[in-house]
Amino acid sequence: SSQAATHHRALNLLVRREHAPVELARKLALKGHEKADIAEALEKLTEQNYLSPERYALQKVRSLLGRGFGEQRVRHELEQQRIPRELVSSSIASVLDEQALDWASHAHAVRTRKFGEEIPNDRAVRDKQMRFMMQRGFSAEQARGAFTTV
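Asks: What is the right way to look at the overall build of the protein in this model?
Replies: Assigned secondary structure in the protein consists of nine helices and zero strands. When the elements of the protein are put in sequence order from the N terminus, they spell out α-α-α-α-α-α-α-α-α. Against the compact-globule benchmark of 15 Å for 150 residues, the protein has a radius of gyration of 19 Å, which places it well outside the compact range. Projected onto the principal axes, the alpha-carbon positions of the protein cover approximately 65 × 30 × 25 Å. Residues classed as buried in the protein amount to 39% of the 150 residues present. For the protein, the proportion of contacts with a sequence separation of at least 24, taken over those separated by at least 6, is 62%. Of the roughly 8900 Å² of accessible surface on the protein, a fraction of 49% belongs to carbon and sulfur atoms. The protein carries 25 positive and 20 negative side-chain charges, and their two centres are separated by 7 Å.

Quick look at the structure:
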């Protein structure tokens with residue numbers, strides 16, 4: 001049946017990596033599956049715990065932190081996948097706690113990994129590094145904090 005085919009395709013996608021429900025629905029729709037079949041498959045997969053917004057959010061936060069992104073970028077990426085704000089906040093807090101991180105030390109680590117330990121005296125160099133940090137999703141305060149020795 002088309003319902004079984006939709007469920008099977010969704011499961012195959014989830015075997016590869018965690019997906020946000022909205023992302024999985026979009027991929028299934030692109031493959032031509034019916035809206036009703038998609039909704040039913042997502043519901044069933046959630047009941048079976050194959051599809052978990054909580055697991056997805058935790059995995060995405062870990063991935064983005066590991067790639068050197070800041071809080072604003074992490075929040076934005078998860079909200080783009082329609083993950084509820086409370087879940088975004090709790091996932092971030094949980095991952096920061098499990099990795100014994102705070103935003104200040106993370107920002108410092110990202111800046112030193114990219115530019116080295118030395119704190120620039122030259123304003124132009126410092127501004128360039130600040131822009132880099134803010135593009136990575138750190139707030140101005142977090143980016144400024146990356147220039148102090150931790």
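Asks: Would you take a moment to explain the packing of aromatic side chains for this structure?
Replies: Two descriptors summarise a pair of aromatic rings, namely the distance from one centre to the other and the angle between the planes of the rings. Enumeration according to the criterion identifies one aromatic pair in this entry. With a centroid separation of 5.3 Å and 90 degrees between ring planes, the pair formed by Phe115 and Phe132 is classed as edge-to-face. Separated by 17 residues along the polypeptide, Phe115 in helix α7 (residues 103-115) and Phe132 in helix α8 (residues 123-135) bring together distant segments of the chain. Just above the ring of Phe69 sits the side chain of Arg136; from NZ or CZ to the centre is 4.0 Å.

Asks: It is not clear to me how the packing of helix α1 (residues 2-16) against helix α3 (residues 35-47) should be interpreted in this structure. Could you clarify?
Replies: Packing of α1 against α3 leaves a shortest axis separation of 9 Å and a crossing angle of 55 degrees. As the angle between them shows, α1 and α3 are arranged oblique. Judged by the twist between their axes, the crossing of α1 over α3 is right-handed. Residue-level contacts link Ser2, Gln3, Thr6, His7, Ala10, Leu11 and Leu14 of α1 to Ala36, Asp37, Ile38, Glu40, Ala41, Lys44 and Leu45 of α3. Tallied by class, residues from the contact of α1 with α3 come to seven nonpolar, four polar and three charged.

Criteria and thresholds
- Residues numbered from 1 in each chain as written.
- Predicted model: local features only at pLDDT ≥ 70, side-chain atom pairs only at ≥ 80, totals over all residues.
- Heavy atoms only, no water.
- Helix = DSSP H or I, 4+ residues; strand = E, 2+ residues; numbered from the N terminus.
- Rg over C-alpha atoms; globule rule 2.2 N^0.38 Å.
- Buried < 20%, exposed > 50% of the residue type's maximum accessible area, 1.4 Å probe, protein only.
- Contact = heavy atoms within 4.5 Å.
- Areas by Shrake-Rupley, 256 points an atom, 1.4 Å probe, with all protein chains shown as cover.
- Lys, Arg positive; Asp, Glu negative; His and termini not counted.
- Charge placed at Lys NZ, Arg CZ, Asp CG, Glu CD.
- Phe/Tyr/Trp six-rings, centres within 6.5 Å; stacked < 30°, edge-to-face > 60°.
- Lys NZ or Arg CZ within 6 Å of the ring centre and 35° of its normal.
- Axes fitted to C-alpha atoms, helices over the stretch in contact; angles between N-to-C directions.
- Parallel < 35°, antiparallel > 145°, perpendicular 65-115°, else oblique.
- Left-handed = near helix turned anticlockwise from the far one by under 90°.
- Nonpolar A, V, L, I, M, F, W, Y, C, P; charged D, E, K, R; others polar.

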